Amino acid sequence: MRSFEDILYTEHGGVATIAINRPEKYNAFRGQTCDEIIQALHLAGWNKDIGVIILTGVGEKAFCSGGDQSAQEGGYDGRGIIGLPLEELHSLIREVPKPVIARVNGYAIGGGNVLVTCCDLAIASENAIFGQVGPRVGSVDPGFGTAYLSRVIGEKRAREIWYLCRKYTAQQALEWGLVNAVVPMDQLDQEVEKWAQEIMALSPTAISIAKRSFNADSDSIKGIGSLGMQTLKLFYESEESKEGVKAFLEKRKPRFRD
Ligand code: 2NE
């Protein structure tokens, strides 16, 4: 089995599991983390023995808290326009020809909530918390995290999430259609496995055609995302954005309007 630094990758019973392994950062991703998830998606995505991919985080606190703010200085520390190959990551979750299930085991915040949005299905533990924090920390996801979120949960709800930066319970996420099921933490693995094995019993080709067909209608968001990342990079270089990151790291309220 291939070993990585920022993620754990396992294959079992036709199911590949990719777990972000940075619990001390609430599973925030840096450039390397995104690259490793991309490599793992390639490994699982085109392996005929694998029928389902699970994306999750290590521990019981967080699924993923988005970009690693300690690696953000006018841009993140990796590849791509903003220093994170996020456009590639989001597109790949959609392009692998098998369902990707988000196993949401805690906070799904910022880019973590975007990952949940991009996944085909999502199953959350009762303690999971969802939300976007971009406008609080001088950031925004200008592609699937906004435009596609509104297709998943509706325009008004998506705008509320982004304009107010509130946090939402797993139950609320279920009511809004952001997740498919909510179970107690101690039943999360069992529930995810049940869904995965139900999919494994079905025709893989039919499933992959269905996935591509679902994607077709929203694929243009990919272009909006890459265009938006170019804008985001310019925003990251501004004092307003830098104040958001600084305030988060200093554990204080940002002063955007000074
Ligand atoms: C997740 C949340 C709500 C948890 O809050 P709380 O109060 O329970 O814990 P705390 O103290 O904030 O976090 C616990 C530890 O995890 C680290 C914190 O710094 C803290 O470390 P210590 O002080 O114990 O050493 N931590 C948490 N999230 C982190 C992160 N993203 N980067 C680095 N360290 C992190 C709260 O922590 C929160 O709101 N986190 C999200 C912060 C954030 O700004 N995320 C990035 C948003 S932008 C983004 O993801 C993105 C995108 O979606 C698209 C394009 C570009 C960027």
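Summarised in this report is the structure supplied together with it.

The rules behind these values
- Residues numbered from 1 in each chain as written.
- Predicted model: local features only at pLDDT ≥ 70, side-chain atom pairs only at ≥ 80, totals over all residues.
- Heavy atoms only, no water.
- Pairing = 2+ DSSP bridges.
- Helix = DSSP H or I, 4+ residues; strand = E, 2+ residues; numbered from the N terminus.
- Axes fitted to C-alpha atoms, helices over the stretch in contact; angles between N-to-C directions.
- Contact = heavy atoms within 4.5 Å.
- Near = heavy atom within 4 Å.
- Polar contact = N/O pair within 3.5 Å; in protein donor to acceptor, adjacent residues only side chain to side chain.
- Areas by Shrake-Rupley, 256 points an atom, 1.4 Å probe, with all protein chains shown as cover.
- 1 Å grid on protein atoms, 1.4 Å probe; cavity = no way out; pocket = protein on both sides within 12 Å on 5 of 7 lines; lining within 4 Å.
- Sits in = over half its atoms within 2 Å of the grid points.
- Nonpolar A, V, L, I, M, F, W, Y, C, P; charged D, E, K, R; others polar.
- Points joined across faces, edges and corners; volume = space filled by probe spheres on them.
- Parallel < 35°, antiparallel > 145°, perpendicular 65-115°, else oblique.
- Left-handed = near helix turned anticlockwise from the far one by under 90°.
- Buried < 20%, exposed > 50% of the residue type's maximum accessible area, 1.4 Å probe, protein only.
- Arc of directions from axis to C-beta.

Side note on the sheet that holds strand S1 (residues 7-12)
Logical step 1: Sheet architecture is open: six strands sit in the order S1-S2-S3-S5-S7-S10, paired in mixed fashion. The sheet terminates laterally at S1 and strand S10 (181-183), the two strands that pair on one side only. Across the sheet, the mean angle separating the axes of adjacent strands is 20° when strand polarity is ignored.
Logical step 2: Strands S1, strand S2 (15-20) and strand S3 (52-57) of the sheet are contacted by helix H1 (residues 31-45), whose axis makes an angle of about 10° with S1.
Logical step 3: Here helix H8 (residues 188-200) sits on the sheet in contact with S2, S3, strand S5 (100-104), strand S7 (121-125) and S10, set at roughly 160° to S7.

Re the site of the ligand
Logical step 1: For the ligand, the set of nearby residues contains 26 residues, the closest of which are Ser-65, Gly-67, Gln-69, Gly-111 and Lys-251.
Logical step 2: With respect to the ligand, the backbone of Gly-111 contributes an N or O atom lying 2.9 Å from an oxygen atom.
Logical step 3: At 2.9 Å, a side-chain N or O of Lys-251 approaches an oxygen atom of the ligand.
Logical step 4: In isolation the ligand exposes 1,000 Å². Once the protein is present, 75% of that is buried.
Logical step 5: When each cavity is represented as a set of grid points, the ligand is found to reside in the largest pocket.
Logical step 6: Of all the elements in the fold, those that place two or more residues in the shell around the ligand are strand S6 (107-109) and helix H10 (221-236).
Logical step 7: Residue classes in the shell around the ligand are distributed as 13 nonpolar, seven polar and six charged.

A short note on the environment of Ile-81
Logical step 1: Tracing the sequence through the fold places Ile-81 in the loop between strand S4 (62-64) and helix H2 (86-95).
Logical step 2: Between the C-alpha atom of Ile-81 and that of Gln-230, which follows or precedes it by 149 residues, the distance is 6.4 Å.
Logical step 3: Excluding its chain neighbours within four sequence positions, the residues that come into contact with Ile-81 are Glu-87, Ser-226, Met-229, Gln-230 and Lys-233.

Section: the layout of surface pockets
Logical step 1: The volume enclosed by the largest pocket comes to roughly 900 Å³.
Logical step 2: Along the walls of the largest pocket sit 43 residues, with Ser-65, Gln-69, Ile-109, Val-133 and Phe-248 positioned nearest its centre.
Logical step 3: Those elements that provide at least two residues to the lining of the largest pocket are H2, S6, helix H3 (111-118), helix H4 (134-137), H10 and helix H11 (239-249).
Logical step 4: Tallying contributions element by element places H11 first for the lining of the largest pocket, with four residues.
Logical step 5: Of the residues contributing to the lining of the largest pocket, the split by class is 22 nonpolar, 12 polar and nine charged.
Logical step 6: Taken as a whole, the second largest pocket holds about 480 Å³ of empty space.
Logical step 7: When contributions to the lining of the second largest pocket are tallied by element, the ones reaching two or more residues are H2, H3, S7, helix H5 (144-153) and helix H9 (204-216).

A short note on the packing of H3 against H5
Logical step 1: In the contact formed by H3 and H5, the axes pass within 10 Å of each other and the chain directions differ by 50°. On the basis of their axis angle, the class for H3 and H5 is oblique. The two elements H3 and H5 meet at a crossing, and its hand is left-handed. Residues Val-114, Thr-117 and Cys-118 of H3 pack against Phe-144, Gly-145, Tyr-148, Leu-149 and Val-152 of H5.

Brief notes about helix H6 (residues 155-164)
Logical step 1: Residues of H6 that are buried include every one of Ala-158, Ile-161 and Trp-162, and no others. Buried residues in H6, looked at end-on, bunch into an arc of 90°, giving them a common side. The outward face of H6, more than 90 degrees from its buried face, is lined by the exposed residues Lys-156 and Tyr-163.
Logical step 2: Summarising the contacts, the buried residues of H6 are in contact with H4, H5, strand S9 (168-169) and helix H7 (170-176).
Logical step 3: Once H6 ends, the next one or two residues include Cys-165, with phi positive near 55°.

Examining the environment of Gly-112
Logical step 1: On the secondary structure map, Gly-112 appears in helix H3.
Logical step 2: In sequence terms Gly-112 and Ala-28 are 84 residues apart; their C-alpha atoms lie 7.8 Å from each other.
Logical step 3: Aside from chain neighbours lying at most four places away, what touches Gly-112 is Phe-29, Phe-63, Cys-64, Ser-65 and Gly-66.

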